[in-house]
Amino acid sequence: MNPLGPTSPKDRIIFALDVEHFHEAQHWVNLLKGHVGIFKVGKQLFTHSGPKIIDMITQKGQKVFLDLKYHDIPNTVAKAGEEATKHQVAMFNLHALGGFEMMRKTVEASRAIAKHLEIPRPLILAVTILTSMDEETLKEVGVQGPIPEEVGRLASLAQKAGVDGVIASPQEIGIIRERCGKNFLIVTPGIRHPSDKKDDQRRTLTPKEAIEAGADYLVIGRPIKEAKDPIETVQKIVEDIS
Ligand code: C5P
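The rules behind the values
- Residues numbered from 1 in each chain as written.
- Predicted model: local features only at pLDDT ≥ 70, side-chain atom pairs only at ≥ 80, totals over all residues.
- Heavy atoms only, no water.
- Salt bridge = Lys/Arg side-chain N within 4 Å of Asp/Glu carboxyl O.
- Helix = DSSP H or I, 4+ residues; strand = E, 2+ residues; numbered from the N terminus.
- Polar contact = N/O pair within 3.5 Å; in protein donor to acceptor, adjacent residues only side chain to side chain.
- Contact = heavy atoms within 4.5 Å.
- Pairing = 2+ DSSP bridges.
- Axes fitted to C-alpha atoms, helices over the stretch in contact; angles between N-to-C directions.
- Near = heavy atom within 4 Å.
- Areas by Shrake-Rupley, 256 points an atom, 1.4 Å probe, with all protein chains shown as cover.
- 1 Å grid on protein atoms, 1.4 Å probe; cavity = no way out; pocket = protein on both sides within 12 Å on 5 of 7 lines; lining within 4 Å.
- Sits in = over half its atoms within 2 Å of the grid points.
- Nonpolar A, V, L, I, M, F, W, Y, C, P; charged D, E, K, R; others polar.

Trainee: When you look at the pattern of salt bridges in this model, what are you seeing that I'm missing?
Mentor: Side-chain pairing between opposite charges can occur once the charged atoms of the two side chains come close. Applying the stated rule across the entire model yields 17 salt bridges. Measuring nitrogen to oxygen at the nearest pair gives 2.9 Å for the salt bridge that ties R192 to D199. One salt bridge in this structure joins D200 and R222, with 2.6 Å as the shortest N-O distance. Placement of the pair is D200 in the loop between β7 (185-188) and α9 (207-213) and R222 in helix α10 (residues 222-225), with a sequence separation of 22 residues. Each of R192, K197, D199, D200, R222 and E226 takes part in a single network of salt bridges with overlapping partners.

Trainee: Whenever I open this one, the side chain of R177 confuses me. Can you help?
Mentor: As for its position among the elements, R177 is in helix α8 (residues 173-180). Looking at R177, its side chain comes within polar contact range of the main-chain oxygen of G214, at 2.9 Å. Those residues within four positions of R177 in sequence are excluded, and the remaining contacts are K182, F184, I186, G214 and D216.

Trainee: Even after reading the chapter, I still don't get the sheet that holds strand β1 (residues 13-16), so can you show me in this structure?
Mentor: Paired through backbone hydrogen bonds, the strands of a sheet run either parallel or antiparallel to each other. The parallel closed barrel is built from eight strands, whose spatial order is β1-β2-β3-β4-β5-β6-β7-β8. For this sheet, the mean inter-axis angle between neighbouring strands, taken without regard to orientation, is 25°. For β1 and strand β2 (residues 38-41), the ladder comprises three bridges, and the chain directions are parallel. From the neighbouring strand, F15 faces β2, where its bridge partner is F39.

Trainee: What am I meant to see in the site of the ligand here?
Mentor: What surrounds the ligand is the set A16, D18, K40, T131, P189, R192, Q201, V219, I220, G221, R222 and P223. Here an oxygen atom of the ligand sits 2.7 Å away from a polar atom, N or O, in the side chain of D18. Residue K40 places a side-chain N or O atom 2.9 Å away from an oxygen atom belonging to the ligand. Calculation on the ligand without its partners gives an accessible area of 460 Å², and the protein chains cover 81% of this total. Placement of the ligand is best described as lying within the largest pocket. Breaking the shell around the ligand down by element, the ones donating at least two residues are β8 (217-220) and α10. Along the lines of polarity and charge, the residues of the shell around the ligand split into five nonpolar, three polar and four charged.

Structure (structure tokens):
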């Protein structure tokens, strides 16, 4: 098991707080705290509510995955990473396509500020190729290779830069494990039970299948949020992956 990875089945579950307002987010954190490992704050909620959303979650003793997918010049991303670290998020992410130096500098800056402030450093994750892109749209932006090849290559680059792991679709877990070994975190969205609505997710795995395939963490949103009984649904997922 990856020493940086989750220590219990519940800790593997990252709930996607895909809501618009602070109060809605607060409702979900109050309901699910203690039942999931981490709450993921994305661009919409963060842009609406700002850093106080992070503080609300951490003040309840819960962990935050700040999903802002940084991509800019190395100095700018490193500075943003420092701020995320100061907010004591458990995880944040950046785009591997931002390049080796951007990733390396951010890892270094986050570690340095955490050491200086004597606080834990967040895990840093890379996005390889967005799952919304296919080979045609990738060619438009000058990326030529077959998607699995590009994903493997970028994951390996992220690892060399000191990044802790990647966000990857269920189909990509195999190639990433092959290229990066077992001490590299894989966080996987696109999790559905056969009875769940697929929503806009095309290629899905069940929680158990994703863990068996080698995922460390599962990002789950709508299957929990839209369930009749969200707590019961989370408990079933935990049982499934125990
Ligand atoms: O509701 P659902 O379980 O589909 O939510 C999945 C979460 O993971 C969403 O916040 C979505 O933005 C995110 N995500 C994804 N696919 C990716 C990367 C992130 O679904 N490739």
